[in-house]
Amino acid sequence: MGNGTLRVTRFHLTLYRRTWRTGVFTGFLMPLLYLGVVGVGAGGYVEHDVEGLPFVAFLAPGLLAVVAFQTAAEEAGFPLYSALRLTGRYQRLLTAPLGVGQVLAGHLLFIAVRTAVSAVAFCAVAALLGVFDSPWCLLLVPVAMLLALSAAAPLFAFTGRLTSSANLMTVSRLVVLPLSMFSGVFFPVGDLPAVVQPLVRVSPLWHGVEVCRAVSGRFAAGAGPEPLSLAGHLGVLLLWVAAGFVLTLRVFERRLSD
């Protein structure tokens, strides 16, 4: 990781210090409200376990994964479109001089850092609520960072090709929100119609949810068979990161050379 990449990351962190309040509710406080109200509160009335786990223990790792996923989607949406199309921020960064790969890697690293901060805060609150009872829950932080990168990298490629911001809301409504609801966060994917399950299982969020649930140390020994091992889930996430980075790099090179 070169100095150029770190310079870009510091640049984005400096900007984020001015705007962080706007994303706190949807990216952090909303999942915590779900955890407290739905998980701890209403979950107390759920008499049966979910995949061998108390409902709140099943829910919490999934909500952490959603925090990471939505953080990535948020940053890959209008902020990126604005930097590419409206403010010319990316173009100015390239005069530093910096390479396109460094600018892209620095932005992705910023997303990973931002996700890590939210994940640490989530784990702290979950521990105070008694949901996480071991410091090993901090292992969820690097998993959340990897999940955020696996979502951001391909979404960057999509946003980089847009000529209008109108389609950004479509992605949020048709991709981000449905995946957040149906990727095994609130109930097992196996409860979905069979025709939908393959679409969900290919998404990085589902793999992230499975890894978070396994790493939390609460995954039931008697749970149903998984289509991939823990290493397989991590491998898929890494594949999303690598493929997304390569695709985005090509899109950005064409876009920024115009």
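Computed from a prediction, not measured in an experiment: that's the story for all the values here.

About the cut-offs
- Residues numbered from 1 in each chain as written.
- Predicted model: local features only at pLDDT ≥ 70, side-chain atom pairs only at ≥ 80, totals over all residues.
- Heavy atoms only, no water.
- Salt bridge = Lys/Arg side-chain N within 4 Å of Asp/Glu carboxyl O.
- Axes fitted to C-alpha atoms, helices over the stretch in contact; angles between N-to-C directions.
- Helix = DSSP H or I, 4+ residues; strand = E, 2+ residues; numbered from the N terminus.
- Left-handed = near helix turned anticlockwise from the far one by under 90°.
- Contact = heavy atoms within 4.5 Å.
- Polar contact = N/O pair within 3.5 Å; in protein donor to acceptor, adjacent residues only side chain to side chain.
- Disulfide = S-S within 2.5 Å.
- Buried < 20%, exposed > 50% of the residue type's maximum accessible area, 1.4 Å probe, protein only.

**Q** I'm lost on the pattern of salt bridges in this one. Help?
**A** Opposite charge on two side chains makes pairing possible when the charged atoms of those side chains draw close. For the coordinates displayed, the defined rule picks out two salt bridges. A single network of salt bridges, built from pairs that share partners, joins E74, E75 and R114.

**Q** Mind showing me how you'd approach the packing of helix α3 (residues 55-75) against helix α7 (residues 140-160) here?
**A** Each pair of packed helices can be described by the angle between their axes along with the distance between the axes. Closest axis-to-axis distance for the α3/α7 pair is 8 Å, and the angle between their directions is 35 degrees. For the crossing formed where α3 meets α7, the hand is right-handed. Only L140, A144, L147, A148, A151, A152, L155 and F156 of α7 make contact with α3, whose side of the interface consists of L64, A65, A68, F69, A72, A73 and E75.

**Q** Can you walk me through the side chain of T248 in this structure?
**A** With respect to the helices, strands and loops of the structure, T248 is situated in helix α11 (residues 230-256). Separated by 2.8 Å, the side chain of T248 and the backbone oxygen of G244 make a polar contact. Excluding residues within four positions of it along the chain, T248 makes contact with L104, A153, F156 and A157.

**Q** Teacher, can you tell me more about the state of the cysteines here?
**A** Two cysteines, two sulfur atoms, one covalent bond between them: this is a disulfide. Per the counting criterion, the structure on display carries zero disulfides. Of all cysteine sulfurs, the one in C137 lies closest to C123, which takes part in no disulfide; the gap is 4.3 Å. Its relative accessible area of 10% is what places C137 among the buried residues.

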